[in-house]
Amino acid sequence: MPSCAICGKNLPMLGINKVRLKGGDVVCFDCVKKAGHNPMTWTKNLSTTVDMLQAEIAGINKAEPEKQKSDIDIMKETFDKRRSSLGLGAKARVSDTFRPDKSFYKRFYIDTIHKKWQALGPVHNYSDLVSYEYQEDGGTVVSGGVGSAVIGGALFGSIGAVVGAATGKKKLSDYVNSMKIRLTVKDMNNPTEYIDMNPVRIRMKRSSGQYRKNLEETQEILSCLELIIRESQKSQRAPENSKTTDAADEILKYKKLLDAGAITQEEYQAKKKQLLNL
Ligand SMILES: [Zn+2]
């Protein structure tokens, strides 16, 4: 397994989580961000060595600790850049609770305010997305999802990296017929959805511009899917707060009992300690 040439973090082969530098070293997204670059849009990677990147990180740290951008910030920036060139497709079902502000090739829509998305089927919450898989001619090339070790994000500027990494051991066929993203959704009636990335059904040579264009669009949607899963996992990890609130509520209840003379000061203190884990 490769590891980041700067921080040493392991980088799973299949993950879209690394950037290749001049000299062939790979570094993780975090180290690229620390140097002040957006790993999804940074194009100077192949003319930057590890030493140069390290110097940039050191320089930034010395200057002022720049606020590290969250993945969602980066996603928004990346999408905003493309926004002007993309129109909303006819399939987006705009309503009061779904107003997509991001559109991907008339196949995938996101409402980042209401945290909803839609492919070709119904509108879903972020948390409905369980996993995704990119398939070429029915075989899985890359996958990710809740609890998966595969880390997404996009490696714009190195098209083919995903396919190359996943199929490194196998010999690639020269032609590709179908390119599909399979989504697994928390929906009993319709647990699987497909986004067809080659709807015209033309047989493409792997070296063709059409294939590369389709692959680039695929990567963009895949990175989106990964970020949606990460964001919904983040918000599901929030119960820490509600625990604290529960404890506070409980303490208030016991305080009322104390004030009413129903329990003693000692009993109240003991209960409070227990609730606060002191
Ligand atoms: Zn690193």
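Predicted model only: the values in this text are computed from it and were never measured.

### So, the coordination of the zinc ion
Each protein donor to the zinc ion is listed here as Cys4 (SG), Cys7 (SG), Cys28 (SG) and Cys31 (SG); together their distances run 2.3 Å. Viewed at the metal, the four donor atoms of the zinc ion are separated by angles of 104 to 115 degrees, and the geometry they form is tetrahedral. Each donor residue of the zinc ion belongs to the same chain, and together they define the spacing C-x2-C-x20-C-x2-C. Residue Cys7 is located in the segment before strand S1 (18–20), and its partner Cys31 is located in helix H1 (residues 29–34); the two are separated by 24 residues in the primary sequence.

### Focus on the environment of Gln54
Structurally, the position occupied by Gln54 is in helix H2 (residues 50–63). A residue is classified by how much of its surface remains accessible, and Gln54, at 34% relative accessible area, is partly exposed. Along the sequence, Gln54 and Ala5 sit 49 residues apart, while their C-alpha atoms lie 9.8 Å from each other.

### Things to note about the pattern of salt bridges
Within the structure shown, the criterion is met by eight salt bridges. One salt bridge connects Lys33 with Asp30, and the closest N-O pair in it is separated by 3.8 Å. Highlighted residues: Lys33 and Asp30, both in helix H1, separated by three residues, approximately one helical turn. The exposure class assigned to Asp30 is partly exposed, which follows from its relative accessible area of 27%. The partner of Glu136 in a salt bridge is Arg206, with the nearest N and O atoms 3.1 Å apart. On the criterion of sequence distance, the pair formed by Glu136 in strand S7 (residues 129–136) and Arg206 in the loop between strand S12 (204–205) and helix H5 (209–236) is long-range, its members being 70 residues apart. By the burial criterion, Glu136 is buried, and Arg206 matches it. When salt bridges with common partners are traced through the structure, they connect Lys9, Asp30 and Lys33 into a single cluster.

### Examining the nonpolar core
Residues Phe108, Trp117, Ile181, Leu183, Ile221 and Leu225 are the most contacted members of the largest nonpolar core, which totals 28 residues. Put simply, the parts of the chain that give this core at least two residues each are strand S4 (108–111), S7, strand S8 (139–145), strand S10 (179–185) and H5. Among the elements that make up this core, the one with the highest residue count is H5 (eight residues). Among residues more than four places away in sequence, those in contact with Phe108 are Lys102, Ser103, Trp117, Gln118, Ala119, Ile195, Ile221, Cys224, Leu225 and Ile228. Listed in part, the 15 residues of the second largest apolar core include Cys4, Cys28, Cys31 and Leu53.

### What to know about the packing of aromatic side chains
Taken as a whole and judged by the stated rule, the model has two aromatic pairs. Each ring, one from Phe104 and one from Phe108, has its centre 6.2 Å from the other, and the planes form 45 degrees; the classification is tilted. According to the relative accessible area criterion, Phe104 is buried, its value standing at 1%. Each ring, one from Phe108 and one from Trp117, has its centre 5.8 Å from the other, and the planes form 35 degrees; the classification is tilted. The same class applies to Phe108 and to Trp117, which are both buried. Among the aromatic side chains, those forming a connected cluster through ring pairs are Phe104, Phe108 and Trp117.

### Observations concerning the UniProt feature "domain: SHOCT" (unreviewed entry) in the protein chain
Mapped onto this numbering, the UniProt entry gives "domain: SHOCT" (unreviewed entry) at residues 249–276. The straight-line gap between the two end C-alpha atoms of residues 249–276 is 11 Å; of that span, 79% is helix and 0% is strand.

Rules of the game
- Residues numbered from 1 in each chain as written.
- Predicted model: local features only at pLDDT ≥ 70, side-chain atom pairs only at ≥ 80, totals over all residues.
- Heavy atoms only, no water.
- Donors = N, O, S within 2.8 Å, 3.2 Å for Na, K, Ca; no water.
- Tetrahedral: all angles 85-135°; square planar, octahedral: opposite > 155°, others 65-115°.
- Helix = DSSP H or I, 4+ residues; strand = E, 2+ residues; numbered from the N terminus.
- Buried < 20%, exposed > 50% of the residue type's maximum accessible area, 1.4 Å probe, protein only.
- Salt bridge = Lys/Arg side-chain N within 4 Å of Asp/Glu carboxyl O.
- Core = buried A, V, L, I, M, F, W, Y, C linked by side-chain atoms within 4.5 Å.
- Contact = heavy atoms within 4.5 Å.
- Phe/Tyr/Trp six-rings, centres within 6.5 Å; stacked < 30°, edge-to-face > 60°.
- UniProt positions renumbered as here; feature names shortened; annotations may be inferred.

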